[in-house]
Amino acid sequence: MKRFLLIAVLLIPVAAWAFIKPVRVVAPELVGISCGSEFVCTDDASRYQEAAALYDEALHFIGSAVGSIEKPPRVIFCSTDECFQSFGLGKRSAATIGTFGIVISPRAWKPFYVRHEMIHHLQNKRLGMIKMWRAPQWFVEGMAYSLSEDPRPKLSEPFEHYRSQFKDWYTQVGKELLWTKASNL
Ligand SMILES: [Zn+2]
């Protein structure tokens, strides 16, 4: 029995590591990604400065436009599709994995994409996983597209609709009551 438990304890993290690829954000070094700081990692060390500048811009932008991020997220900037796909994230441009971290694809090295994902990180932090799971998509995505100041004049649907629905709601609610009202949605 003891031996069985020992084997189970040893194997479960290995299995999680193998099958739940997003958990790799916790230790990207193990898949060949280097972290120049606690918060900024990239698969192309020659682009570390560019990644760090995007990170700092987004963190300051969100801090003043949306709300302070007490525990900033780790962001992994992938310069290749191979790197991004190693996290098992499909066709999206970028992804936020709970409060563990953010992964940016090669086409998302732009200020508004990094801000968008940091807004999702802040939502996860402020509202918690359960509320986020229940929250309406017009709020979750509409807020990220709107407050990141995504410059695209027209997003593909349903996101354009989510963005305008959020804007209407936010005009009435205001910055002060944002999280209080959001937790009651
Ligand atoms: Zn989003």
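Structure shown above.
Thresholds applied
Residues numbered from 1 in each chain as written. Predicted model: local features only at pLDDT ≥ 70, side-chain atom pairs only at ≥ 80, totals over all residues. Helix = DSSP H or I, 4+ residues; strand = E, 2+ residues; numbered from the N terminus. Buried ≥ 20, exposed ≤ 12 C-beta atoms within 10 Å, placed from the backbone. Contact = placed C-beta atoms within 7 Å. Pairing = 2+ DSSP bridges. Axes fitted to C-alpha atoms, helices over the stretch in contact; angles between N-to-C directions. Core = buried A, V, L, I, M, F, W, Y, C linked by C-beta atoms within 7 Å. Parallel < 35°, antiparallel > 145°, perpendicular 65-115°, else oblique. Left-handed = near helix turned anticlockwise from the far one by under 90°. Expected span 1.5 Å × (residues − 1). Arc of directions from axis to C-beta.

Draft legend 1. Fine view of the overall build of the chain. What the chain contains, in helices and strands, is seven helices and five strands. Put simply, the chain runs from its N terminus to its C terminus through helices and strands in the order α-β-β-α-β-α-β-β-α-α-α-α. Per-residue burial over the chain gives 31% buried out of 185 residues. Here the contacts in the chain between residues at least 6 apart in sequence split such that 61% fall between residues at least 24 apart.

Draft legend 2. Main features of the sheet that holds strand 2 (residues 40-42). Spatial strand order, 1-2-3-5-4: five strands in an open sheet with mixed pairing. The outermost strands of the open sheet, each flanked by one partner alone, are strand 1 (34-35) and strand 4 (94-97). When strand 2 meets strand 3 (residues 75-77), the two strands line up parallel, connected through three bridges. Among the inter-strand pairings, Cys41 is bridged to a residue of strand 3, identified as Ile76. Helix 2 (residues 48-65) rests against strand 2 and strand 3 of the sheet, and its axis sits at about 140° to strand 2. Across the sheet, helix 4 (residues 111-134) lies against strand 3, strand 4 and strand 5 (101-104), angled at about 20° from strand 4, the strand it touches most.

Draft legend 3. Just the nonpolar core, in detail. Residues Val75, Ile76, Val103, Ile104, Val114 and Ile119 are the most contacted members of the largest nonpolar core, which totals 38 residues. In terms of residue count, helix 5 (residues 137-147) provides more of this core than any other element does, six residues in total.

Draft legend 4. Local environment of the packing of helix 2 against helix 4. It is the contact of helix 2 with helix 4, at a shortest axis distance of 9 Å, that shows an interaxial angle of 55°. Comparing the axis directions of helix 2 and helix 4 gives the class oblique. Considering how the two elements wind past one another, helix 2 and helix 4 form a crossing that is right-handed. Residues Leu54, Tyr55, Glu57, Ala58, Leu59, Phe61 and Ile62 of helix 2 touch helix 4, and the partners they reach there are Pro111, Val114, Arg115, Met118, Ile119 and Leu122.

Draft legend 5. Quick look at helix 2. With 18 residues, helix 2 ought to run about 26 Å at 1.5 Å a step, and its terminal C-alpha atoms sit 26 Å apart, in line with that. For helix 2, the set of buried residues is Ala51, Leu54, Tyr55, Ala58 and Ile62. Down the axis of helix 2, the smallest arc covering the buried residues is 100°, so these residues share one side. Residues of helix 2 that are exposed and point more than 90 degrees away from the buried face comprise Gln49, Ala53, His60 and Ser64.

Draft legend 6. Representation of helix 6 (residues 159-173) in the model. For helix 6, with 15 residues, the first-to-last C-alpha span of 21 Å sits near the 21 Å given by 1.5 Å per residue. When helix 6 is considered as a whole, its buried residues turn out to be Tyr162, Arg163 and Phe166. Viewed along the axis of helix 6, the buried residues span an arc of 95°, placing them on a single side of the element. Exposed residues pointing more than 90 degrees away from the buried face of helix 6 are listed as Asp168, Thr171 and Gln172. The elements touched by buried residues of helix 6 are helix 5. Looking at the residues trailing helix 6, positive phi occurs at Gly174, about 85°.

Draft legend 7. Spatial organisation of unusual backbone geometry. Geometrically, the link from Glu157 to Pro158 is a cis peptide bond, its omega value of 10° lying close to zero. Despite not being glycine, Glu149 has its phi angle at roughly 55°, a positive value. Inspection of the secondary structure puts Glu149 in the loop between helix 5 and helix 6.

Draft legend 8. Looking closely at the pairing of strand 5. In strand 5, alternate side chains face the same way, and those of Gly101 and Val103 on one face and Ile102 and Ile104 on the other are all buried. Pairing between strand 3 and strand 5: three bridges, direction parallel. Bridge pairing in strand 5 places Phe77 opposite Ile104. With four bridges connecting them, strand 4 and strand 5 associate as antiparallel partners. Opposite Thr96, over in strand 5, you have Ile102 as the bridge partner. Once strand 4 ends, the chain turns through three residues before running back antiparallel as strand 5, passing Gly98 with a positive phi of about 50°.

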